[in-house]
Amino acid sequence: MASMRGSAFQENITSNMNNKAISFMAAEAGATAFWQWLSSGPTQWQDLTWREGWQASIPTTASDTPNMGNFGYFWIDPDQVTWSTHAVTVTVSGFSKVPGGEALSETRMEAKFSAPGVHRAFRAGLVSDQDITVNGKASFTQKAGSKATWWGTFAVLAIR
């Protein structure tokens, strides 16, 4: 009898770990989907209509159709997307659940994507239209006028 309880306990722990992993991977898949959409139009960063375009390809509410494997669900609430001049912060909801059933695990991931443009050294005031050599060793070949290069594009800020 004791071994059956131990076995059921172990199975329950394994199931919980699997569900948490699925919800985490679903949240990552949602952040990746946003990144892929964002990468499709880096020169349109300031276009307010373009900023809403992700909603056509990424779910904005929970559904009963998995979009990551058999049990993973992700979506991004439009109210959880915050744009600024140099970054966009997105909170992605990831769930593990039985289709048509209740959620078994939930992960919310906050991701921050930097705006395309020049390297942060240039934004900080180091401006040049020539290559820059630092301490005689490193060279930046990025020019101040380039607008289509992504820098520091993805950082997970929080997992809830």
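Residues numbered from 1 in each chain as written. Predicted model: local features only at pLDDT ≥ 70, side-chain atom pairs only at ≥ 80, totals over all residues. Heavy atoms only, no water.

Q: What's the story with the overall build of the chain in this structure? I'm lost.
A: Along the chain, the regular secondary structure elements total three helices and seven strands. The helix and strand sequence of the chain, counted from the amino end, reads α-α-β-β-β-β-α-β-β-β. Taking all 160 residues of the chain together, the buried fraction comes to 34%. If you take every contact in the chain between residues at least 6 apart in sequence, the share linking residues at least 24 apart comes to 58%. Here the chain displays about 9,500 Å² of accessible surface, and carbon together with sulfur accounts for 54% of that area. (Helix = DSSP H or I, 4+ residues; strand = E, 2+ residues; numbered from the N terminus. Buried < 20%, exposed > 50% of the residue type's maximum accessible area, 1.4 Å probe, protein only. Contact = heavy atoms within 4.5 Å. Areas by Shrake-Rupley, 256 points an atom, 1.4 Å probe, with all protein chains shown as cover.)

Q: Could you clarify how one ought to interpret the packing of aromatic side chains in this entry?
A: The geometry of an aromatic ring pair is captured by two quantities: the separation of the ring centres and the angle between the planes. Within this structure, the stated rule accounts for eight aromatic pairs. When the centroid spacing of 6.0 Å and the interplanar angle of 10 degrees are considered together, the rings of Trp35 and Phe113 count as stacked. Highlighted residues: Trp35 in helix α1 (residues 2-39) and Phe113 in strand β4 (residues 103-114), separated in sequence by 78 residues. Look at Trp35 and you get partly exposed, because its relative accessible area is 27%. Geometrically, the ring pair formed by Trp50 and Trp83 is edge-to-face, given 6.0 Å between the ring centres and 65 degrees between the ring planes. Of the two residues, Trp50 sits in helix α2 (residues 48-51) while Trp83 sits in strand β2 (residues 81-83), which places them 33 residues apart along the sequence. Here the two residues Trp50 and Trp83 agree in accessibility, since each one is buried. An aromatic cluster is present here, built from Phe34, Trp35, Trp37, Trp50, Trp54, Trp83 and Phe113 joined pairwise through their rings. A cation over a ring is seen here: Lys97 above Tyr73, with NZ or CZ 5.0 Å from the ring centre. (Phe/Tyr/Trp six-rings, centres within 6.5 Å; stacked < 30°, edge-to-face > 60°. Lys NZ or Arg CZ within 6 Å of the ring centre and 35° of its normal.)

Q: Got a minute to help me understand the nonpolar core in this structure?
A: Soluble globular proteins tend to pack their nonpolar side chains together in the buried interior. Ranked by size, the top nonpolar core spans 24 residues in total, and within it Phe34, Leu38, Ile76, Val81, Trp83, Val88 and Val90 carry the most contacts. Counting only elements with at least two residues in this core, the list comes to α1, β2, β3 (87-97) and β4. Of the residues forming this core, the biggest block, eight residues, is contributed by α1. Sequence-distant contacts of Val81, defined by excluding residues within four places in its chain, comprise Phe34, Trp54, Ile76, Val88, Thr89 and Val90. (Core = buried A, V, L, I, M, F, W, Y, C linked by side-chain atoms within 4.5 Å.)

Q: Can you help me understand the environment of Val81 in this one?
A: By the element assignment, Val81 lies in strand β2. A sequence separation of 10 residues divides Val81 from Thr91, and the C-alpha atoms of the two residues are 6.7 Å apart.

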